Amino acid sequence: MHGAGKGIAFVICGPSGAGKNSVIKRVMEILPGLSFSVSYTTRPRRAEEHAGVDYNYISQQEFDRLIADGELIEHVTYLGDRYGTSRAQIEEVFIRGEDVILNIDVTGARRLRQKGLVDFPAVYIFLTPSSLDQLHDRLKIRGTEDKNEIKRRLNVAKEEMDALWLFDYLVINDEFEVAVDELRSIIITERCRLVDDHG
Ligand code: 5GP
């Protein structure tokens, strides 16, 4: 909730393997009043993920229906799988008087920002390790993707890093605690803002 009394959407982007989920999770533990926007996806659930917590896992047909019913504020196809953000969920968070965190890809963020699809304040934050080498190491350690998939994700990451101009803030995640502190500070700062000039 910001100084002008509205809920804020914190749109967090960054390459796959940047550590977005861990940083977001930690910030949500230490900062009250934040809800995570659980996206819909057609991708299979990873072993360590939980339905309804990390994603809502749905079929292609269900995804098509959500689009047709106008229930997604944005959606993309990322490396063959579809991902989309629920309008109803965000509205519910704001009704509760909380702020919402979206973890989406750069294409989705660009659409939200450029087409003005949202009628609520949104802050765009890019979170990334300082180098692609670091990213490669992280993806390897995470171990949820094979060699080819890592390569594909690194290629997307290169493209995503060219889109930095879209964002209001940059958080470098080389040291976890520093990244957590920076994201937390950004959220606190935006909550104190009086003038609603979010993009
Ligand atoms: P992953 O398969 O690694 O969980 O996610 C792949 C990419 O899809 C990540 O960059 C993630 O931020 C993005 N993503 C997840 N949910 C959404 C969504 O609802 N919309 C968009 N545009 N991207 C999403």
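Up top you'll find the structure we're talking about.
Model, not experiment: these values are computed from the prediction.

### Section: the layout of surface pockets
Of the pockets and cavities examined, the largest pocket occupies roughly 990 Å³. Looking at the largest pocket, it is lined by 37 residues, and the ones nearest its centre are Asn21, Arg46, Glu49, Tyr55 and Asn103. Contributing elements (two or more residues each) for the lining of the largest pocket: helix H1 (20-30), strand E5 (72-78), strand E6 (81-86), helix H5 (132-142) and helix H6 (147-161). For the lining of the largest pocket, the leading source of residues is H1, giving 6 residues.

### Overview of the nonpolar core
Formed by 24 residues in total, the largest nonpolar core has its most connected members in Phe10, Val27, Ile125 and Ile187. Those elements giving two or more residues to this core turn out to be strand E1 (9-13), H1, strand E8 (122-128), H5, H6 and helix H7 (176-192). Considering every element that reaches this core, the biggest residue donor is H7, with 5 residues. Sequence-distant contacts of Ile187, defined by excluding residues within four places in its chain, comprise Phe10, Val27, Leu31, Leu34 and Ile101. In terms of nonpolar packing, the next biggest core, distinct from the first, is built from 20 residues, Val93, Val100, Leu102 and Ala163 among them.

### Remarks on the site of the ligand
Taken together, 17 residues form the shell around the ligand, and within it Ser39, Arg43, Tyr55, Glu74 and Tyr83 come nearest. Glu74 is positioned with one of its side-chain polar atoms (N or O) 2.6 Å from a nitrogen atom of the ligand. Separating an oxygen atom of the ligand from a side-chain N or O atom of Arg153 is a distance of 2.9 Å. Starting from 510 Å² of accessible surface for the ligand in isolation, the protein chains cover 96%. When atom positions are compared with the pocket grids, the ligand is found to occupy the largest pocket. Sorting the residues of the shell around the ligand by element identifies E5 and E6 as the ones contributing at least two each. In terms of residue class, the shell around the ligand is made up of 5 nonpolar, 6 polar and 6 charged.

### A short note on the pattern of salt bridges
Scanning the entire structure with this criterion turns up 16 salt bridges. Ionic pairing is found between Arg46 and Glu145, a salt bridge with its closest N-O pair at 3.1 Å. Taken as a pair, Arg46 in the loop between strand E3 (39-41) and strand E4 (55-57) and Glu145 in the loop between H5 and H6 lie far apart in primary sequence, 99 residues in all. Take Arg46 and Glu145: they sit in the same class, and that class is buried. Across the pair Arg65 and Glu71 runs a salt bridge whose closest N-O atoms are separated by 3.8 Å.

### A closer look at the sheet that holds E6
Reading across the sheet, the 4 strands line up as E4-E3-E6-E5 and stay open at both edges, with mixed pairing between neighbours. With one partner strand each, in any of the chains shown, E4 and E5 form the two edges of the open sheet. When strand polarity is set aside, the average angle formed by the axes of neighbouring strands in this sheet is 25°. Sheet topology note: the E5/E6 ladder contains 6 bridges and is antiparallel. Note that in E6 the partner of His75 across the bridge is Gly84. Across the sheet, helix H2 (residues 60-68) touches E3, E5 and E6, and the angle it forms with E6 is around 40°. Contacts from helix H3 (residues 87-95) reach E4, E5 and E6 within the one sheet, and its direction differs from that of E6 by about 35°.

Cut-offs used in this document
Residues numbered from 1 in each chain as written. Predicted model: local features only at pLDDT ≥ 70, side-chain atom pairs only at ≥ 80, totals over all residues. Heavy atoms only, no water. 1 Å grid on protein atoms, 1.4 Å probe; cavity = no way out; pocket = protein on both sides within 12 Å on 5 of 7 lines; lining within 4 Å. Points joined across faces, edges and corners; volume = space filled by probe spheres on them. Helix = DSSP H or I, 4+ residues; strand = E, 2+ residues; numbered from the N terminus. Core = buried A, V, L, I, M, F, W, Y, C linked by side-chain atoms within 4.5 Å. Buried < 20%, exposed > 50% of the residue type's maximum accessible area, 1.4 Å probe, protein only. Contact = heavy atoms within 4.5 Å. Near = heavy atom within 4 Å. Polar contact = N/O pair within 3.5 Å; in protein donor to acceptor, adjacent residues only side chain to side chain. Areas by Shrake-Rupley, 256 points an atom, 1.4 Å probe, with all protein chains shown as cover. Sits in = over half its atoms within 2 Å of the grid points. Nonpolar A, V, L, I, M, F, W, Y, C, P; charged D, E, K, R; others polar. Salt bridge = Lys/Arg side-chain N within 4 Å of Asp/Glu carboxyl O. Pairing = 2+ DSSP bridges. Axes fitted to C-alpha atoms, helices over the stretch in contact; angles between N-to-C directions.

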